[in-house]
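# Coordinate inspection notes
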Amino acid sequence: MKIGFYPRLAADGIRKNRRTFLPFILTCAGMVMMFYIIMYLASGDILSSTFGAETMRQIFALGSWVIMVFSGIFLFYTNSFLMKRRKKEFGLYSILGMGKGNIARILFWETVIVAVFSIVLGLIGGIAFSKMAELGMVRIMGEEANYRLSVSTLAIKRTLEVFGAIFLLLLLNSVLQVRFSSAISLLRSESAGEKPPKANWLVGIMGVLLLAAAYWLAVTIKDPVEALLVFFAAVVMVIIGTYMVMIAGSVAFCRLLQKNKGYYYRPNHFVSVSSMAYRMKRNGAGLASICILATMVLVTIASTSCLYFGCESVISDRYPRDVNLLLRADGMDALSDENTEDIIAAVDGYVKSNVGAPENAYHFRSLTISGGLNGNVIEPDITKLSSAADARMIYFIPLSDYNAVMGENETLAPGEALLYVNRNSFKADTLSISGGAAFRIKKRLRKFIENGETSMNMLTSLNLVVPDLEAAARGLAGLANFNGDPLLRRSLVYNFDIEPDDQEEFINGLPAFLSDSGIKERLGFTSCTLESRENERRDYFSIFGSLFYIGIIMSLVFLIAAVLIIYYKQISEGYEDQSRFEIMRKVGMTKREIRRSINSQLLTVFFLPLAMAALHIVFAFPIIRKLLLLFNMDNIGFFAATTGISVLAFALFYAAVYKLTSNTYYNTVSGVKEEQ
Amino acid sequence: MSILEVSGLRKVYSTRLGGDKVEALRNVNFTVEQGEYVAIMGESGSGKTTLLNILAALDRPTGGTVILDGKNLRDVKESAVAAFRRDNLGFVFQEFNLLDTFTVEDNIYLPLVLAGKSYKEMHSRLVPIAARLGIEKILKKYPYEISGGQKQRAAVARAMITEPKLILADEPTGALDSRSSDELLRLFTEVNSLGQTILMVTHSVKAASSSGRVLFIKDGEVFHQIYKGASTDEEMYQKISDTLTLLATGGNVK
């Protein structure tokens, strides 16, 4: 045999099976491309100038791991389709006298050809699109872009390593499969008589229970911190549950339908129901995968786009005004009416002399403690906390400040309070601090003073408007130094807008002015924090923007995967259904009846994962909303909107893919007749 | 009364590009009487399968007519063809053509379900047929669990359950061992003796010799026919063999 024999045989095999090989090569190329782009973004120094570039690089590095693992699993999955179709050919080769070694050599060359093609194709695509991706990202961050095309050798090296390893594993797997099967079984592997699927009630019911449990977890979760932990448990449960339900539950359901003779023996149901059982057995895993992928795409896009497009609202919640000043004090003297007026006058004076009068200004004083909520008692000793969900921040705010900021005219008797709770709810009529005072709640407020600190904090805050701040402080004096730390914080918040709003120099100069002029110390304030909305905005955009961007890239990868699974499913089913189609025709089904039956089955099989993904999303909604709180995103309506739009867009895309691939299926099914 | 009249049947296939034409059937004429059991023999390529496909309304002839029970197949609309096939014809194939997604019972019901019959009626029809064919015990099994002979009997049951005017059998013994073949042919004879008309296409002399009349097709024409009359299966076997020898050596019996 000549040296070129095996490569030629391999190339021939690929050419003859191009209908299955071409999508595989394209898939591989797609994965290579995505991986390269992510590596490029992670390793390049495109963003060294931007804020949060390091965070972004870390996010992308994490993303590259996800893609790597996913590519590995997914390519194995698609490769198994290829192997199934090729086994017959290999069987023939071994009948014709080829040993397992020879076949392994063919496989080797096949893998080499596929690998070279897809890696080269993927890298070309990756390099071409990486610039686009970079520009897109820079744009999302709102930065200036340059238009130089650059190539990252490090990214290329990593791509070659990762995909070289994946292809090596694929080859190993194929060789082992051929190694452990006989020539005859290879020849027959495709047409091996299929056993009717047994309904596995236990697994089906367990799957339903798992899903129900995961849903229950997701819906009942109250606290964002707990949500983070529960989320991963719920995700794992949903994945396993989905596989169980799709594989076993669906077959069991078909069997149940078959038991109902009145329903089953109808022309419309008879063929559909019985073939569905088969279809589900064969496709359960694939459908479950599609469902999981769809859910991932939807969750990723809905949440990251919510964060990105909702960025402004997060920022304005977090930073109610252009300039947000927070002063802390050691004693109550600093928070006296006179001192408060003095320091505000000093700040105003500085602002006026530099940029003009502060606008939309408001200020409020507060006392803050944290503790665990137990019934209607706040327990300041955090060590006694039973669950993180019970942790609360308590703000005491004087009635005079509340009335002044909100323009209200409330009155309170001693021992009374107004209550505003920013999340969750508090139902009791009194609230008491363990080892401190108790308050009778006179009224619950619906609106409250904008406070960046409470919207940032993922703990729920209870805001108590009290008649006299000093009286409240006396009531809390006993626990002022719990555990050695000053538990009680006294602060003054002063927020205002300036025009124009991006005067970094002035803004940064304000704290220095307050210290240097000595007024801060004189009035009894210990520290001063200034947050500028303009400065913070960039940080937010770099984090949310890169999350959104990686969300888009991940979604693309998942989408490609879902489309590919669908395509292979249609092809392989088409081949398997050819003979069935013929028999039905001979026995007296019209083409229309067959087409209708096939159509209804395809539709069910196709849209089942989508429906299930939508269900997953509905139940994931509350828990993801809680997670978004960790990013200060507290706008439920907006998240509902991005989720709705994502689901709708995905459904449209999915329907388009269905339309395209179902034609492939029909062509495959009816192909046999043309050849006869 | 003849149940099937075939006259001047012609079928020409064109190759895909429309160039060469192949004449599969040239001029086929024969009739089948009610209650007859007819075998059609011929070498590969003689046009047997084409003939069967046309009789089954799976294919349309280029010329000539097929009249089944007084109805010209040409007049059956394309959309009604499947229903016509379902109501008037029963099929037994060499490869059984049972659907592996159904139990044996459901396979047998298939044509009736498509015709919209109720389960009760289907079941009452199945009971006597299953008893006669000896397949009561395997009704709940799946095709992959039963032997070839059993599969073919299930297929016969499926063909009979619609009480068709004509059963078309395409090489029914082709995939069976000799014992199963004998059993199937005995069944055919028995079913035929109860008045069922059967038309069988076969290669097998043994199978043909169980029929009442054998038609020989050569080069797209009915070349010769033998009536069984009062002869035994063995005598019939001998006659058929002689005819086949003549056919093969090119002798002219006419």
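Throughout what follows, the structure given in this document is the object of discussion. Computed from a predicted model, the values in this text were never measured in an experiment. (Residues numbered from 1 in each chain as written. Chains lettered and ligands numbered in written order. Predicted model: local features only at pLDDT ≥ 70, side-chain atom pairs only at ≥ 80, totals over all residues. Heavy atoms only, no water.)

With that settled, the discussion passes to the interface of chain B and chain A. Across the contact, 27 residues belong to chain B and 26 residues belong to chain A. When chain B packs against chain A, close to 2600 Å² is buried across both sides, 65% of that on carbon and sulfur atoms. The three residues of chain B that bury the most area against chain A are B:T101, B:L114 and B:Y144, which together make up 21% of that side's buried surface. At the boundary of chain B with chain A, the tally comes to 0 salt bridges. The tally of links between chain B and chain A comes to 2 residue pairs in polar contact (both at pLDDT 80 or more). Among the elements that line the side of chain B that touches chain A, the one with the most residues is helix α3 (residues 104–114) of chain B, at 6 residues. Here the residues of the side of chain B that touches chain A sort into 16 nonpolar, 4 polar and 7 charged. (Contact = heavy atoms within 4.5 Å. Buried area = accessible area lost by both parts, 1.4 Å probe. Salt bridge = Lys/Arg side-chain N within 4 Å of Asp/Glu carboxyl O. Polar contact = N/O pair within 3.5 Å; in protein donor to acceptor, adjacent residues only side chain to side chain. Helix = DSSP H or I, 4+ residues; strand = E, 2+ residues; numbered from the N terminus. Nonpolar A, V, L, I, M, F, W, Y, C, P; charged D, E, K, R; others polar.)

Moving on: a nonpolar patch on the surface. On the surface, A:V225, A:L228, A:F232, A:M458, A:L630 and A:F631 cluster together to form a nonpolar patch covering roughly 470 Å² of accessible area. On the accessibility criterion, A:L228 (40% relative accessible area) is partly exposed. (Patch = residues over 30% accessible without salt bridge, like charges linked within 9 Å, V, L, I, M, F, W, Y side chains within 5 Å. Areas by Shrake-Rupley, 256 points an atom, 1.4 Å probe, with all protein chains shown as cover. Buried < 20%, exposed > 50% of the residue type's maximum accessible area, 1.4 Å probe, protein only.)

With that out of the way, let us pick up the nonpolar core. Among the nonpolar cores identified, the biggest contains 186 residues, and A:L41, A:F60, A:L75, A:F163, A:F270, B:F188 and B:I240 are the most heavily contacted of them. Tallying contributions element by element places helix α18 (residues 533–587) of chain A first for this core, with 22 residues. Non-local contacts of A:L75, meaning those with residues more than four positions away in its chain, are made with A:F24, A:T27, A:C28, A:M31, A:F163, A:I166 and A:L170. Among the nonpolar cores identified, the runner-up in size contains 50 residues, and A:V421, A:I441, A:Y494 and A:I519 belong to it. (Core = buried A, V, L, I, M, F, W, Y, C linked by side-chain atoms within 4.5 Å.)

Another point: the side chain of A:S64. All names here are of chain A. Tracing the backbone shows S64 in helix α3 (residues 53–95). A residue is classified by how much of its surface remains accessible, and S64, at 4% relative accessible area, is buried. Here S64 is in contact with F35, I38 and M39, once residues within four sequence places are set aside.

Turning next to the packing of aromatic side chains. Per the counting criterion, the structure on display carries 27 aromatic pairs over all chains. On the basis of an interplanar angle of 75° and a centroid distance of 5.4 Å, the ring pair of A:F108 and A:W109 is categorised as edge-to-face. Since its relative accessible area comes to 31%, A:W109 is described here as partly exposed. Each ring, one from A:Y308 and one from A:F309, has its centre 5.1 Å from the other, and the planes form 70°; the classification is edge-to-face. The exposed category is assigned to A:F309, whose relative accessible area is 51%. A connected cluster of aromatic rings, assembled from ring pairs, spans A:Y264, A:Y265, A:F270, B:F102, B:Y109 and B:Y119. The aromatic ring of B:F223 is capped on one face by B:K218, whose charged end is 5.7 Å from the ring centroid. (Phe/Tyr/Trp six-rings, centres within 6.5 Å; stacked < 30°, edge-to-face > 60°. Lys NZ or Arg CZ within 6 Å of the ring centre and 35° of its normal.)

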